[in-house]
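# An overview of the molecular structure
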Amino acid sequence: GLVLNSNVLRPGRWVETSQSYASTGYAIGGVLNEETLPSLLYFYEGVAYVGSGAYISATVQSETGIVIDHPLSWSSRTSGDEGSNQDPLFVGSPIRWMGIFQDRLVVISDAAVDMSATGDYLRFYRQSVIADLATDPIHLVSTFDPTDFLMGAALLDKNLMVVGTKSHYTISGRTALTPTSAALLKTSSFESSPQVDPVSFGNLVYFSSASENNSDVLAIQPSDVTDSTYAYSVSSHVDGFIPGDLSSLQASTKIDMLFTLSDAGELFPYRTLFNQGERMLSSWFKFTFPTSLKLRCMALSNTKVKMLFDRIEGENYYTVVGELDLDRVGYTGAA
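All values reported here derive from a predicted model rather than from experimental measurement.

## Some remarks on the overall build of the chain
Regarding its fold elements, the chain presents one helix and 23 strands. Buried residues in the chain amount to 41% of all 335 residues. Accessible area of the chain: about 17,800 Å², with a carbon and sulfur share of 52%.

## Things to note about the sheet that holds strand 13 (residues 199–201)
Spatial strand order, 13-14-15-16: four strands in an open sheet with antiparallel pairing. The open sheet has two free edges, formed respectively by strand 13 and strand 16 (229–233), since each of these has just one partner strand. Within this sheet the neighbouring strands show an average axis-to-axis angle of 35 degrees, counted without direction. With five bridges connecting them, strand 15 (residues 215–222) and strand 16 associate as antiparallel partners. Opposite Q221, over in strand 16, you have Y230 as the bridge partner.

## Here we look at the side chain of D310
Looking at the element boundaries, D310 is found in strand 22 (residues 304–313). With relative accessibility at 11%, the residue D310 sits in the buried group. A polar contact is formed between the side chain of D310 and the side chain of R296, at a distance of 2.5 Å. In contact with D310, not counting residues within four places along its chain, are S292, L293, K294, R296, Y317 and Y318.

## Considerations on the pairing of strand 17 (residues 246–252)
Note that strand 17 and strand 18 (residues 257–262) share six bridges and pair antiparallel. Bridge pairing in strand 18 links Q250 to F259. Once strand 17 ends, the chain turns through four residues before running back antiparallel as strand 18, passing D256 with a positive phi of about 55 degrees.

## Looking at unusual backbone geometry
Trans is the prevailing form of peptide bonds, just as negative phi is the prevailing case for residues other than glycine. Located in the positive-phi region is D103, a residue other than glycine, with phi close to 60 degrees. When you line up the elements, D103 lands in the loop between strand 5 (97–101) and strand 6 (104–109). Given the relative accessible area of 38%, D103 is considered partly exposed. Its identity as a non-glycine residue notwithstanding, N302 has a phi of 60 degrees, on the positive side. Tracing the backbone through its elements, the reader meets N302 in the loop between strand 21 (293–301) and strand 22.

## Overview of the side chain of S109
One can find S109 in strand 6. The contact partners of S109, leaving out residues within four places of it in the chain, are L89, F90, S93, P94, I95 and R96.

## Considerations on helix 1 (residues 53–64)
The end-to-end C-alpha separation of helix 1 is 16 Å, in line with the 16 Å expected for twelve residues at 1.5 Å each. Considered for burial, the residues of helix 1 that qualify are G53, I56, T59 and V60. Viewed along the axis of helix 1, the buried residues span an arc of 130 degrees, placing them on a single side of the element. Buried-residue contacts for helix 1 involve strand 3 (40–44) and strand 4 (47–51). Of the residues flanking the end of helix 1, it is G65, one or two places downstream, whose phi is positive at about 80 degrees.

## Overview of the pattern of salt bridges
Pairing between side chains becomes possible if they bear opposite charge and their charged atoms approach one another. For the structure on display, the rule yields nine salt bridges. Where D110 meets R96, a salt bridge forms, and the shortest distance between an N and an O atom there is 3.4 Å. Taken together, the residues span a long stretch of sequence, with D110 in the loop between strand 6 and strand 7 (112–115) and R96 in the loop between helix 1 and strand 5 at a distance of 14 residues. Across the salt bridge formed by D132 and R126, the nearest N and O atoms sit 3.1 Å from each other. On the basis of relative accessible area, D132 is assigned to the exposed category, the value being 64%. Residue R126 is classed as partly exposed on the basis of its relative accessible area of 24%. Here the residues in one salt-bridge network are D120, R123 and D136, joined through shared partners.

## Examining the environment of V162
Position of V162 among the secondary structure elements: in strand 10 (residues 159–164). Once the C-alpha coordinates of V162 and I108 are considered, the two residues, 54 residues apart in sequence, prove to be 8.9 Å apart. Those residues in contact with V162 that lie beyond four places of it in its chain are I108, L150, G152, A153, S167, H168, Y169, I171 and L184.

Criteria and thresholds
- Residues numbered from 1 in each chain as written.
- Predicted model: local features only at pLDDT ≥ 70, side-chain atom pairs only at ≥ 80, totals over all residues.
- Heavy atoms only, no water.
- Helix = DSSP H or I, 4+ residues; strand = E, 2+ residues; numbered from the N terminus.
- Buried < 20%, exposed > 50% of the residue type's maximum accessible area, 1.4 Å probe, protein only.
- Areas by Shrake-Rupley, 256 points an atom, 1.4 Å probe, with all protein chains shown as cover.
- Pairing = 2+ DSSP bridges.
- Axes fitted to C-alpha atoms, helices over the stretch in contact; angles between N-to-C directions.
- Polar contact = N/O pair within 3.5 Å; in protein donor to acceptor, adjacent residues only side chain to side chain.
- Contact = heavy atoms within 4.5 Å.
- Expected span 1.5 Å × (residues − 1).
- Arc of directions from axis to C-beta.
- Salt bridge = Lys/Arg side-chain N within 4 Å of Asp/Glu carboxyl O.

Spelled out as structure tokens, the structure:
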């Protein structure tokens, strides 16, 4: 093109950039900056740091005396404005779930799913507003029920299964995701517990559904002939066995067990065995702990279950660490 310079037309060029008054992500008042980065895992000299970009930068400097020479923050908006290059949909909403799918960072909030640029987990803005790039970020919204809040997701058969409080959705991953091809497809309608993330276990995804008095655990299974899924209860044969709501679901393929933790601090494992696709065992049981202890949280490590308990004695409050060893030798019990 040509530009006017001192009343003389000279050769020039047009450079795509962000609108002058548009939030770039770094500017004061921008919706995305180092202070709003919720969590980042960063490795420096063999040490892992977790936190916001500002926290990690300050911690590395205080511990090593070295200033990180590149910003640990969201990538900024480099083209367009809020209308032509929208903010990610999680802005202003609580983040419910984060994970990696097709080399993109997935952020779920309320009724929206945001996916970062391919291979660039902190970029949620398009590179260009005049060209559609297959690697650009993806923004999806549930249009089936505005009152259905998305609570979490799990990978199943190359697809990402997204669980809401009222319905389930699928983001197909059989081909590479692009901003024009990605879709949030409703596959089934089951009410889910709003505080428990779904979990992949074998070739199924398990989720929790709570009634007024007890909880039920269901499994999502892909269809053999279509992209739809169906769900069935794996706890119907022990109806009422799990009282109240669940607070956590965790699974270990090492010992073929699903662990469910209730709000009351009770641990209910589930054992299932399949033979050539047919379920041969569906067994529930319960671990009983001293009444002075309340199980607060747990984590799985190989064949061991690490646990944190609350213990109150008078005016004294204790955190008690416990461990269950579920070695498979003999299947005779737990140490």
